[in-house]
Structure formats: C-alpha cells, structure tokens
Amino acid sequence: MGTLTLIGEGGHAADIARILQRCCKPYRQIPHHTDLQPSDRYILGINDPQIRVQLPLINNTAAAWLQDPDALVIGGGSQPLGVVIAARTLLMDTTIGFHTHINYGTTMTRTTIG
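All figures in this text were calculated on a predicted structure; none of them were measured in a lab.

**Some words on the sheet that holds strand 6 (residues 84–85)**
Moving on, step 1. The three strands are arranged 4-6-9 in an open sheet whose pairing can be described as parallel. Both outer strands of the open sheet, strand 4 (66–67) and strand 9 (101–102), are each paired with one neighbouring strand and no more.
Moving on, step 2. Of the strand pairs in this sheet, strand 4 and strand 6 are connected by two bridges, and their pairing is parallel. Among the inter-strand pairings, leucine 66 is bridged to a residue of strand 6, identified as valine 84.

Below is the structure:
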C-alpha cells in the first residue's frame, strides 16, 4: 500500500498520525476533505461522527482500515472502510461499521458498533 492521506488537523488527526507512525505507514496530511485527490486512499481525522457521516466522500471505496499494532481483533468478519482502532484495544466477535473510530483501551465482546 502507498501513502495514505490523513484528513484533518485537530487533536483527533494527531492521534491518528501517531497510529500511522507506529504502523510505519507513510502518510500526508491535508486540512480539508476538498483537498483529497481522486486516487488518494484516506483516513478521516475528524472526531465528530455526525460530521464524518455528512462528508460527500463517506461512501468512497478509497477509505483505509487502520489498526494500531497493539490492538487485537478476534473474529467479527469484515474490515469496513475508514475504521481506526487505537492501541490497547480488544475487540472480540465485534461488528464494526463504516468509518467507526475506536479509542484507546477499548474492550468489546459480541457487540455491534457504527
């Protein structure tokens, strides 16, 4: 996979940038989704899910899955687009929705979110 594009400049984008660095994934950061190029694979660095869902690119198949190396995902099936899973997270038989962001230290079992 090539360079990912991180959209956003706030604290949430900074947290995602740390995950990208921990995963050794090259990325570039842009302030706004209108700066996205058609060929870009991206992660949304916007914390508010109500804003994320309103963006016109929300159904774009170029969204990436990002999982911190210290996160553990067991079972659950597919890897929806745009998902971010932070460090120290345990997900077991959990269904995750499109563009869901799961914060540090989360534990979920047999759950549906997003």
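From this point, the narrative continues.
**A word on the side chain of aspartate 40**
Moving on, step 1. Within the fold, aspartate 40 resides in the loop between strand 2 (27–30) and strand 3 (41–44).
Moving on, step 2. Among the polar contacts listed, one links the side chain of aspartate 40 to the backbone nitrogen of glutamine 37, at a separation of 2.9 Å.
Moving on, step 3. Discounting chain neighbours no more than four positions away, the residues touching aspartate 40 are Thr5, Arg28 and Ala62.

**Regarding a nonpolar patch on the surface**
Moving on, step 1. Together, Leu72, Ile74 and Met92 make up a nonpolar patch on the protein surface, roughly 240 Å² of accessible area in all.
Moving on, step 2. Positionally, leucine 72 belongs in strand 5 (residues 72–74).
Moving on, step 3. When its relative accessible area of 45% is taken as the criterion, leucine 72 is described as partly exposed.

**A closer look at helix 1 (residues 11–22)**
Moving on, step 1. Helix length check: helix 1, at twelve residues, gives a terminal C-alpha distance of 17 Å against a target of 16 Å (1.5 Å per residue), a fit within 8%.
Moving on, step 2. Residues of helix 1 that are buried include every one of His12, Ala13, Ile16, Ala17, Ile19 and Leu20, and no others. End-on view of helix 1: buried residues confined to an arc of 160°, all on one side of the axis.
Moving on, step 3. Residue cysteine 24 follows helix 1 closely and has a positive phi angle near 55°.

Each value, and the rule that gives it
Residues numbered from 1 in each chain as written. Predicted model: local features only at pLDDT ≥ 70, side-chain atom pairs only at ≥ 80, totals over all residues. Heavy atoms only, no water. Pairing = 2+ DSSP bridges. Helix = DSSP H or I, 4+ residues; strand = E, 2+ residues; numbered from the N terminus. Polar contact = N/O pair within 3.5 Å; in protein donor to acceptor, adjacent residues only side chain to side chain. Contact = heavy atoms within 4.5 Å. Patch = residues over 30% accessible without salt bridge, like charges linked within 9 Å, V, L, I, M, F, W, Y side chains within 5 Å. Areas by Shrake-Rupley, 256 points an atom, 1.4 Å probe, with all protein chains shown as cover. Salt bridge = Lys/Arg side-chain N within 4 Å of Asp/Glu carboxyl O. Buried < 20%, exposed > 50% of the residue type's maximum accessible area, 1.4 Å probe, protein only. Expected span 1.5 Å × (residues − 1). Arc of directions from axis to C-beta.

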